[in-house]
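Residue-level structure breakdown
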Amino acid sequence: MRVTTTVNGEPYDVDDVWEGESLLYMLRERMGLPGSKNACEQGECGSCTVYVDGLPACACLVAAGQAQGHEIITVEGLTIDDELHPVQQAFIEAGAVQCGFCTPGLIVQTHDLLQRDPHPDDAEIREALAGNLCRCTGYEKILDAVRLAAERLDTVSGAQP
Amino acid sequence: MEFLAPTTWADALAVRQEHPDALALTGGTDVMVEINFDMRRPPALLDLTGVRELSDWSRDGDVVRLGAGVTYTRVIEELGDVLPGLAMAARTVGSPQIRNRGTVGGNLGAASPAGDSHPPLLAGGAEVELASVEGTRTVPIEEFYTGVKQHAGRPDELISAILVRSPSGPQQFSKIGTRNAMVISVSAFGLALHPDEQRIGTGIGSAAPTPRRAVEAESFLSSALDDLGLWESRGALPDSLTREFGDRVKAAASPIDDVRGTAAYRLHSLAVMARRTLTWAWADYAGGIT
Ligand SMILES: Cc1cc2nc3c(=O)[nH]c(=O)nc-3n(C[C@H](O)[C@H](O)[C@H](O)COP(=O)(O)OP(=O)(O)OC[C@H]3O[C@@H](n4cnc5c(N)ncnc54)[C@H](O)[C@@H]3O)c2cc1C
Ligand code: FES
Ligand code: FES
């Protein structure tokens, strides 16, 4: 089937989509957007997190056909004028990236958190990231990255998450 | 496979009638796991996310009508006061990403004994609205679950809504799991005080082939509260009463041993959760919080 959707602000017509395939598969294998990672295909790890109409979702559990007419934003779409988003920059600087497999999902989820709540406390950060697993970092550096991103977004005027 | 995506409720019912073997799809948080893992290959998917009517909720006098496609995130954000027990349960579901897509209607459609919506819906005395081109009917929630992952909906029907009375008293929900997030319950319990009817509502999760009420425990407690004049006095509950209630809730369960927990642990935890949720709810009632 054909799926017509908007990804990172660009309209796409994607052909030959299998009716049972996930949005994650369509993004990675048919649209050349491999930023969202496939690690579990069952909603447990969060590495495939993308925005669907402004709400983070596991792309592995969204049917490709459900993206028809909707707006998707992936980690690739968060850069501003080809510059890394402050959340992305903070993950690098805080050492929150080791193998990097969980990172795209964590970045989208953190981006959403800071948009809704610019000053989250640690409990709120943990709750927001409860659906994102990282097997490398032990999470401490990830918490550091979120706090750093929150600080930066707060001080950099005009930087909208 | 076909992908059927009606955009009106009338079309959805017509498509359902034509394709009784199509698998309904809302949030996809159960369906897509099964498809990704090749556990299911339905001839068609019937995507209901384009049907706006399903994602609305409304209040008609005393009754809240929750569309089958309302997500957990919206239950938490919009219905915390209106359906407190269900909102408490919704907060424990999966992760933010799962709650943004997963729906109460999907939880009913899956009819898993471990589904977290079931205990509060049982305790609250909900009804499930089922619809087909022939018409609409409502089924009392305790008659909805017909077996392990089986429910009373026919192949030509869809779940349109859940009907729940606004609470007349406090509600509580408790769930046991191995961590605080992303966890299928080992056991769960929902409790509702219905002071207007001087009645107690209960719902047991993950401790029987289907979600179920603890009917005998409900009537035991309701009449004990009556005998002691506690509905009116809002006085302290005797410890012996909360303990007896816990034991009777436990007696209503018939759990199994599985990877998430043993039957013995499930029984023990149910008695504890029943006692605790009653204590919490009664403290609210005594303090005049409804
Ligand atoms: C990582 C993860 C964590 C989870 N954690 C929990 C948890 O903590 N607690 C819990 O209870 N569940 C949990 N679940 C299971 C799932 O999220 C819930 O059961 C959810 O409510 C399903 O809703 P959905 O809209 O995604 O349903 P879908 O997957 O779209 O559908 C589920 C079932 O309902 C049927 N269906 C859907 N809509 C209708 C309708 N309108 N009429 C008739 N049938 C319909 C479908 O055909 C299917 O059989 C989890 C799932 C995942 C992947
Ligand atoms: S790949 Fe989607 S949650 Fe793991
Ligand atoms: S950095 Fe390797 S999984 Fe998180």
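A count of helices and strands for chain A gives five helices and five strands. Along chain A, helices (α) and strands (β) appear in the sequence β-β-α-β-β-β-α-α-α-α when read from the amino end. In terms of overall size, chain A behaves like a compact globule, its C-alpha atoms giving a radius of gyration of 15 Å where 161 residues would be expected to give roughly 15 Å. Put simply, chain A has 161 residues, and 51% of those count as buried. Put simply, of all contacts in chain A between residues at least 6 apart along the chain, 56% involve residues at least 24 apart. Of the roughly 7,200 Å² of accessible surface on chain A, a fraction of 47% belongs to carbon and sulfur atoms. The distance from the centre of the 10 positive side-chain charges to the centre of the 26 negative ones in chain A is 7 Å.

Right, let's talk about the overall build of chain B for a bit. A count of helices and strands for chain B gives twelve helices and 13 strands. Relative to the 2.2 N^0.38 estimate, which gives 19 Å for 290 residues, the radius of gyration of chain B is 19 Å and therefore close to what a compact globule would have. Across its three principal axes, chain B shows a C-alpha extent of roughly 60 × 45 × 30 Å. Of all 290 residues assigned to chain B, the portion counted as buried reaches 56%.

Before going further, it helps to examine the domain arrangement of chain B. Under the domain assignment used here, chain B contains domain 1 (1-50) and domain 2 (171-286). Centre-to-centre separation of domain 1 of chain B and domain 2 of chain B, based on C-alpha positions: 36 Å.

Our next topic: the site of ligand 1. Not every one of the 33 residues close to ligand 1 is listed here, only the nearest: B:Ala24, B:Thr29, B:Asp30, B:Tyr72 and B:Thr103. Per-site note: the chains with residues close to ligand 1 are chains A and B. The separation between an oxygen atom of ligand 1 and a polar side-chain atom of B:Thr103 is 2.6 Å. The fraction of the free accessible surface of ligand 1 (980 Å²) that becomes covered by protein chains is 92%. Among the elements of the structure, strand 2 (23-25), helix 6 (104-110) and strand 10 (158-165) of chain B are those that each provide at least two residues to the shell around ligand 1. Looking at the shell around ligand 1 residue by residue, the class counts come to 15 nonpolar, 14 polar and four charged.

Moving on, we get to the interface of chain B and chain A. The accessible area lost on association of the parts is a frequent measure of interface size. With 27 residues of chain B in contact, the opposing surface of chain A contributes 31 residues. When the two sides are added together, the surface that chain B and chain A hide from each other amounts to roughly 2,200 Å², 58% of it contributed by carbon and sulfur. Sorting the residues of chain B by area buried against chain A places B:Phe3, B:Gln97 and B:Arg101 first, and these three jointly supply 28% of that buried surface. Residues A:Glu127 and B:Arg99 are paired through a salt bridge, measuring 2.8 Å at the closest nitrogen-oxygen approach. Across the chain B-chain A interface, the total number found is ten residue pairs in polar contact (both at pLDDT 80 or more). Listed by contribution, the elements that provide at least two residues to the side of chain B that touches chain A are strand 1 (2-4), helix 2 (31-36), strand 3 (44-47) and helix 5 (96-101) of chain B. Among the elements that line the side of chain B that touches chain A, the one with the most residues is helix 5 of chain B, at six residues. For the side of chain B that touches chain A, the class distribution of residues is twelve nonpolar, nine polar and six charged.

Take the nonpolar core next. Core analysis: the biggest nonpolar cluster contains 73 residues, and A:Leu23, A:Met26, B:Val75, B:Leu108 and B:Leu121 have the highest contact counts within it. When near neighbours in sequence (up to four residues on either side) are disregarded, A:Leu23 contacts A:Val50, A:Val52, A:Ala59, A:Val62, A:Ala63, A:Ala64, A:Ala67 and A:Ile72.

A word on the pairing of strand 11 (residues 171-176) of chain B. Residues and elements named next belong to chain B. The buried fraction of strand 11 amounts to five of the six residues, a majority that puts the element mostly inside the structure. In the sheet, strand 11 pairs with strand 12 (residues 187-194) via six bridges, with the strands oriented antiparallel. Each residue of the ladder has a partner; that of glutamine 171, found in strand 12, is alanine 192.

Reading the values: rules and limits
- Residues numbered from 1 in each chain as written.
- Chains lettered and ligands numbered in written order.
- Predicted model: local features only at pLDDT ≥ 70, side-chain atom pairs only at ≥ 80, totals over all residues.
- Heavy atoms only, no water.
- Helix = DSSP H or I, 4+ residues; strand = E, 2+ residues; numbered from the N terminus.
- Rg over C-alpha atoms; globule rule 2.2 N^0.38 Å.
- Buried < 20%, exposed > 50% of the residue type's maximum accessible area, 1.4 Å probe, protein only.
- Contact = heavy atoms within 4.5 Å.
- Areas by Shrake-Rupley, 256 points an atom, 1.4 Å probe, with all protein chains shown as cover.
- Lys, Arg positive; Asp, Glu negative; His and termini not counted.
- Charge placed at Lys NZ, Arg CZ, Asp CG, Glu CD.
- Domains from an automatic or database assignment.
- Near = heavy atom within 4 Å.
- Polar contact = N/O pair within 3.5 Å; in protein donor to acceptor, adjacent residues only side chain to side chain.
- Nonpolar A, V, L, I, M, F, W, Y, C, P; charged D, E, K, R; others polar.
- Buried area = accessible area lost by both parts, 1.4 Å probe.
- Salt bridge = Lys/Arg side-chain N within 4 Å of Asp/Glu carboxyl O.
- Core = buried A, V, L, I, M, F, W, Y, C linked by side-chain atoms within 4.5 Å.
- Pairing = 2+ DSSP bridges.

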